[in-house]
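Structure assessment
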Amino acid sequence: AIGILHCVFYIGLNAYYTNVSTWIHENGLGDAAQAGNATSLVRFTLIVMTFLYPFWSKLLKSWMIPCGYLMGAIAMLCMLNIPSIWGVYAAAFFVAFGTSIAHSTIYSKALNYVPENFAPISSTVVWGLANSGAFFATYVLAAISGAMGGGMQTQLKAGSAILLACMVVAIIIFVGFN
């Protein structure tokens, strides 16, 4: 179940990855250099936030995955509502931060929910399911966007809605109703 949830997370998150360079170009925010900077910022932030995982884990506890998914939704909203390259860079930061804390926690949970001898298979299944989300993202986002009128803005809105739905499900699964 958590692998499927993370698969859906990647579908929503890929609204950023599939649109960022075209968004920059079509909105006159820059060229290939700025798109490269946004991509590099994602990778840099992933590295930094992964090293800070113990801090975030202690602070957020069972809220790690819901907060990670929420940050993905915030990323889409940054692109939609901050009409400058800084909106794209803010989105890159939130995409990476959210991915870092959600991704690490999902794999930790996948390994903790099974007996030790099944851990390699568990992590492989979760990895495969999660990455299939990136594959299906183009088709799912295009279908939802098409139903909403089409275009990059609707893909970003769809991505944000998907991520918010993932957050709600993650709250139910990982936080509960305590």
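In what follows, the accompanying structure is described. (Residues numbered from 1 in each chain as written. Predicted model: local features only at pLDDT ≥ 70, side-chain atom pairs only at ≥ 80, totals over all residues. Heavy atoms only, no water.)

1. A word on helix α6 (residues 119–147)
Between its terminal C-alpha atoms α6 stretches 40 Å, which fits the 42 Å expected from 29 residues at 1.5 Å a residue. F136 marks where α6 bends most, by close to 50°. All of the buried residues in α6 are A119, S122, V126, A130, S132, G133, A137, L141 and S145. Looking at the buried positions of α6, the neighbouring elements they touch are α1 (2–26), α5 (85–112) and α7 (152–175). Two residues or fewer past α6, G149 is found with a positive phi of approximately 110°. (Helix = DSSP H or I, 4+ residues; strand = E, 2+ residues; numbered from the N terminus. Expected span 1.5 Å × (residues − 1). Bend = angle between axes of the 7 residues up to and from the residue. Buried < 20%, exposed > 50% of the residue type's maximum accessible area, 1.4 Å probe, protein only. Contact = heavy atoms within 4.5 Å.)

2. Concerning the side chain of S160
One can find S160 in helix α7. A relative accessible area of 5% means that S160 is categorised as buried.

3. A word on α7
The terminal C-alpha atoms of α7, which comprises 24 residues, lie 33 Å apart, in line with the 34 Å expected from a rise of 1.5 Å per residue. Among the residues trailing α7, G176 stands out with phi positive, at a value near 80°.

4. Details of a nonpolar patch on the surface
The grouping of I4, V8, F118, I121, V125 and L129 at the surface amounts to a nonpolar patch, some 500 Å² of accessible area in total. Counting only elements with at least two residues in the nonpolar patch, the list comes to α1 and α6. As for its placement among the helices and strands, I121 is situated in helix α6. (Patch = residues over 30% accessible without salt bridge, like charges linked within 9 Å, V, L, I, M, F, W, Y side chains within 5 Å. Areas by Shrake-Rupley, 256 points an atom, 1.4 Å probe, with all protein chains shown as cover. Salt bridge = Lys/Arg side-chain N within 4 Å of Asp/Glu carboxyl O.)

5. Focus: the packing of aromatic side chains
The final tally for this structure, using the stated rule, is 11 aromatic pairs. Judged by centre distance (5.4 Å) and plane angle (75°), the rings of Y16 and Y17 are edge-to-face. Given a relative accessible area of 1%, Y16 falls into the buried group. Residue classification places Y17 among the partly exposed positions, given a relative accessible area of 30%. Members of the aromatic cluster, connected to one another through ring pairs, are F55, W56, F93, F94 and F97. (Phe/Tyr/Trp six-rings, centres within 6.5 Å; stacked < 30°, edge-to-face > 60°.)

6. Quick word on the state of the cysteines
Taken as a whole and judged by the stated rule, the model has 0 disulfides. Of all cysteine sulfurs, the one in C166 lies closest to C67, which takes part in no disulfide; the gap is 14 Å. The cysteine C78 is free of any disulfide, with C67 supplying the nearest cysteine sulfur at 15 Å. Assessed through its relative accessible area of 10%, C78 is described here as buried. (Disulfide = S-S within 2.5 Å.)

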